[in-house]
Amino acid sequence: MDFLITFYPWIKAFHIMSVIAWMAALFYLPRLYVYHSESVGLEGETHALFQTMEYKLLKVIMNPAMIATWVFGILLALIPGVIDWGAVWPWTKLFGILAMSGFHGWLSAQRKVFTAGGPIKTGRQYRMMNEVPTLLMVLIVLSVVVKF
């Protein structure tokens, strides 16, 4: 895997861009769910519009960004000397990434609940869930930057 060293700056740049796109979608989709559950309901033209927005955000932005984040992250992990697996930080970062991926899956499942006609969570519950990616982002960034 030594040949990856040559591409390290490119891989890291694409990883960062992928993370930004993924995080933007992870922050926005729960907000759409808040407005969908509180103001729109499960019928009518606005409901159909929200379903389209949620579907496209998930399928066109969020899923590809997550996949790209994982691919470029794995490539970074394969570069010799980038990660000290004897330290704590790679494991806390990995935990955060797995939890973020699980949250992504939960959001995807919630979209299917809206599509099926409920039962949906309350706007307050979606607001609370909207804090999950922020907390995980803090854990991941501190793990990488502080390297505790």
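The structure reproduced in this document is the subject of the present report. This is a predicted model, so every value here is computed, not measured.

**Re the environment of F3**
Mapped onto the elements, F3 comes out in the segment before helix 1 (8-40). Owing to a relative accessible area of 53%, F3 belongs among the exposed residues under this scheme. Sequence separation of F3 and P80 is 77 residues, and the distance between their C-alpha atoms is 9.8 Å.

**Thoughts on the pattern of salt bridges**
For the coordinates displayed, the defined rule picks out one salt bridge. The partner of E38 in a salt bridge is R127, with the nearest N and O atoms 2.6 Å apart. Taken as a pair, E38 in helix 1 and R127 in helix 4 (residues 123-129) lie far apart in primary sequence, 89 residues in all. On the accessibility criterion, E38 (42% relative accessible area) is partly exposed. With relative accessibility at 33%, the residue R127 sits in the partly exposed group.

**As for the packing of helix 3 (residues 89-116) against helix 5 (residues 132-146)**
Viewed as axis vectors pointing N to C, helix 3 and helix 5 meet at an angle of 155°, and their least axial separation amounts to 8 Å. Between helix 3 and helix 5, the angle is such that the two are roughly antiparallel. Helix 3 and helix 5 meet at a crossing whose hand is left-handed. Together, W89, T92, K93, F95, G96, I97, A99, M100 and F103 of helix 3 and V132, P133, L136, M137, L139, I140, S143 and V144 of helix 5 make up the contact between the two elements. Of the residues belonging to the contact of helix 3 with helix 5, the class tally is 13 nonpolar, three polar and one charged.

**What about helix 5?**
A rise of 1.5 Å per residue sets the reference length of helix 5, with its 15 residues, at 21 Å; its end C-alpha atoms lie 21 Å apart and thus fit the reference within 8%. Structurally, helix 5 contributes buried residues whose contacts are with helix 1, helix 3 and helix 4. Remark: K147 follows helix 5 within two positions and exhibits a positive phi of approximately 55°.

**Quick word on unusual backbone geometry**
Working note: non-glycine residues mostly have negative phi, and peptide bonds are mostly trans. In this structure, the amide linkage connecting G118 to the following residue, P119, adopts the cis form with an omega of 0°. Turning to its location among the elements, P119 is positioned in the loop between helix 3 and helix 4. Despite not being glycine, K147 has its phi angle at roughly 55°, a positive value. Along the chain, K147 turns up in the segment after helix 5.

Conventions and cut-offs
- Residues numbered from 1 in each chain as written.
- Predicted model: local features only at pLDDT ≥ 70, side-chain atom pairs only at ≥ 80, totals over all residues.
- Heavy atoms only, no water.
- Helix = DSSP H or I, 4+ residues; strand = E, 2+ residues; numbered from the N terminus.
- Buried < 20%, exposed > 50% of the residue type's maximum accessible area, 1.4 Å probe, protein only.
- Salt bridge = Lys/Arg side-chain N within 4 Å of Asp/Glu carboxyl O.
- Axes fitted to C-alpha atoms, helices over the stretch in contact; angles between N-to-C directions.
- Parallel < 35°, antiparallel > 145°, perpendicular 65-115°, else oblique.
- Left-handed = near helix turned anticlockwise from the far one by under 90°.
- Contact = heavy atoms within 4.5 Å.
- Nonpolar A, V, L, I, M, F, W, Y, C, P; charged D, E, K, R; others polar.
- Expected span 1.5 Å × (residues − 1).

This is a description of form; function is not addressed.
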